[in-house]
Amino acid sequence: MFYLVRSELLKMHHTFALKLFIAAPIITLGLGYFLSGKSVQLTAYNWWYALILPITIAIWCASLISCEKRTQYQNIFCLPISMKKVWLSKLLAVTVLLFLTSLIMWGGCTVFGIFTVMNIDPLNGLTGCMLLFFAYIWQLPLIMWLTKKANYLVGVLLSFGCNVVLSMIGAESNLFYINPFAIPARIVCPFFKMHPNGLPIENGSFLLNTRPVIPAIGISLVLAVLCFWLTAWPFAKGDRKHD
């Protein structure tokens, strides 16, 4: 499996998509500093999960599938291995990029905090970034499947649109669990100390309660497993009639 994941990452070598795992945090930090100066951490983290990270994930997933569609899947359907393993390797490749870019974002925000204002301490920053990592995994196989059935542009735009619009619906409600897109914006509230819209959270607010975090992550991980199996099955069948 290691070599399959490595192969998927090599397919993205020298592409814009691969460069994003470093470029996306840098762009976010630059925006945060330009818009907020010494409060760069607050703005950067908010832009990260509200805008930059969703579009980055969509580009990664869509790019992996698009490169296969250009060759009519000839590089993978002839392999003497299970197609479910191929699908899993693609998912793991994007998961690796998501994990690395999350660490880079946290490291960059922490460094900026040292030289400006430490609005969010390193431990809370790391916790928030790791929660976002787990909360977004379920979307990866869906974006890949959508790109396979449609095209690159549809996969990116639909994913990005859902994250931007739906992430704000019910995020501050006690029923935020029923909207998986709202989970990332809600579970980081106790750690980033800000509303999903970027405004500081008032002292004593229920949004600072960390009890909903574990159940929400559990839901996201269950969704990740379900989405993988629901998308891996048709891929393993080699159904290309709509591609």
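One structure accompanies this document, and this report is about it. (Residues numbered from 1 in each chain as written. Predicted model: local features only at pLDDT ≥ 70, side-chain atom pairs only at ≥ 80, totals over all residues. Heavy atoms only, no water.)

Before going further, it helps to examine the packing of aromatic side chains. Counted under the stated rule, the structure contains eight aromatic pairs. Between Phe 133 and Phe 134, the ring centres sit 5.0 Å apart and the planes meet at 65°, which makes this aromatic pair edge-to-face. The exposure class assigned to Phe 134 is partly exposed, which follows from its relative accessible area of 33%. Measuring from centroid to centroid gives 4.3 Å for Phe 176 and Tyr 177, while their planes differ by 25°, and the two rings are stacked. Under the relative-accessibility criterion, Tyr 177 is labelled partly exposed at 27%. Members of the aromatic cluster, connected to one another through ring pairs, are Tyr 45, Tyr 49 and Phe 192. (Phe/Tyr/Trp six-rings, centres within 6.5 Å; stacked < 30°, edge-to-face > 60°. Buried < 20%, exposed > 50% of the residue type's maximum accessible area, 1.4 Å probe, protein only.)

Attention now goes to the environment of Asn 209. With respect to the element layout, Asn 209 can be found in the loop between α10 (189-192) and α11 (213-236). Taking the C-alpha atoms as reference points, Asn 209 and Pro 190, 19 residues apart in sequence, are found 6.3 Å from one another. (Helix = DSSP H or I, 4+ residues; strand = E, 2+ residues; numbered from the N terminus.)

To continue, consider the packing of helix α3 (residues 40-69) against helix α6 (residues 122-136). Packing of α3 against α6 brings their axes to within 12 Å, and their N-to-C directions diverge by 35°. Both α3 and α6 take part in a crossing whose hand is right-handed. Residues Tyr 45, Trp 48, Tyr 49, Leu 53, Pro 54 and Ile 57 of α3 pack against Gly 125, Cys 129, Leu 132 and Tyr 136 of α6. Here the residues of the contact of α3 with α6 are counted per class, giving nine nonpolar, one polar and no charged. (Axes fitted to C-alpha atoms, helices over the stretch in contact; angles between N-to-C directions. Left-handed = near helix turned anticlockwise from the far one by under 90°. Contact = heavy atoms within 4.5 Å. Nonpolar A, V, L, I, M, F, W, Y, C, P; charged D, E, K, R; others polar.)

Our focus in this paragraph is unusual backbone geometry. Phi is positive for His 14, which is not a glycine, with a value near 65°. Counting through the fold element by element, His 14 comes out in the loop between α1 (2-11) and α2 (16-36). Of note, the phi angle at Lys 193 is positive, near 55°, even though the residue is not glycine. You can see Lys 193 is positioned in the loop between α10 and α11.

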